[in-house]
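Listed below, chain by chain, are the residues.
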Amino acid sequence: MIKLMEKSQTYEVMDLWLRTTTRSNSFVEPDFWQKHYDFVKEKYIDENDTFVYIEDGKIAGFTGVSPDNMITGLFVDPDFQNRGIGTELINHLKSKYSILHIEIYARNRKALAFSTNLGFVIDGAVRHPHNNEIMYTMLWSE
């Protein structure tokens, strides 16, 4: 089941974010993520629409979208990966928005392949201002 995140789920969402982002972006120093925990919570979780995927009463994954249609991330609990949850979350967003953008680290090949398979195309590149990593900007539209 996919639904809008409730405020009471913020801690569970942030815990999932920290565990998955550290694992999927191992090329970035782990303390980078811990240092930016409050920033991510305020800017990407509290200020945007965040959708959670609930399975067996637990948040198995989540995604968010900013007012300018930027996907603020896609995170699936490692225990629930490879079950189609990420695809369902993205398809849910596609049913609500006619255009979506996402930024993905160039070195995160798995995320790049996943996004490309869902119809996103690379439309540019930027250097992350905090860790100097290259990120591709990707676009999907109806």
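Residues numbered from 1 in each chain as written. Predicted model: local features only at pLDDT ≥ 70, side-chain atom pairs only at ≥ 80, totals over all residues. Heavy atoms only, no water.

A. Expanded view of the environment of methionine 70. Topologically, methionine 70 is positioned in the loop between strand E3 (58-65) and strand E4 (71-76). Methionine 70 gets classed as partly exposed once you look at its relative accessible area, which sits at 23%. Non-local contacts of methionine 70, meaning those with residues more than four positions away in its chain, are made with Gly64, Val65, His101, Ile102 and Glu103. (Helix = DSSP H or I, 4+ residues; strand = E, 2+ residues; numbered from the N terminus. Buried < 20%, exposed > 50% of the residue type's maximum accessible area, 1.4 Å probe, protein only. Contact = heavy atoms within 4.5 Å.)

B. Molecular detail of the sheet that holds strand E1 (residues 2-4). Taken in spatial order, the four strands line up as E1-E2-E3-E4 in an open sheet, and their pairing is antiparallel. Both outer strands of the open sheet, E1 and E4, are each paired with one neighbouring strand and no more. Adjacent strand axes in the sheet meet at a mean angle of 25 degrees, parallel and antiparallel pairs treated alike. Here E1 runs beside strand E2 (residues 49-55); their pairing, made up of three bridges, is antiparallel. Looking across to E2, one finds that lysine 3 is bridged to valine 52. (Pairing = 2+ DSSP bridges. Axes fitted to C-alpha atoms, helices over the stretch in contact; angles between N-to-C directions.)

C. Representation of the environment of threonine 50 in the model. Here threonine 50 shows up in strand E2. Note: C-alpha distance between threonine 50 and asparagine 69 (19 residues apart in sequence) is 12 Å. Setting aside residues no more than four positions away along its own chain, threonine 50 makes contact with Lys3, Leu4, Met5, Tyr44, Ile45, Phe62, Thr63 and Gly64.

D. Spotlight on unusual backbone geometry. Despite not being glycine, aspartate 56 shows a phi value in the positive range, around 55 degrees. Within the secondary structure layout, aspartate 56 lies in the loop between E2 and E3. The phi dihedral of asparagine 132 is positive, around 65 degrees, even though this residue is not glycine. Asparagine 132 sits in the exposed class, given a relative accessible area of 51%.

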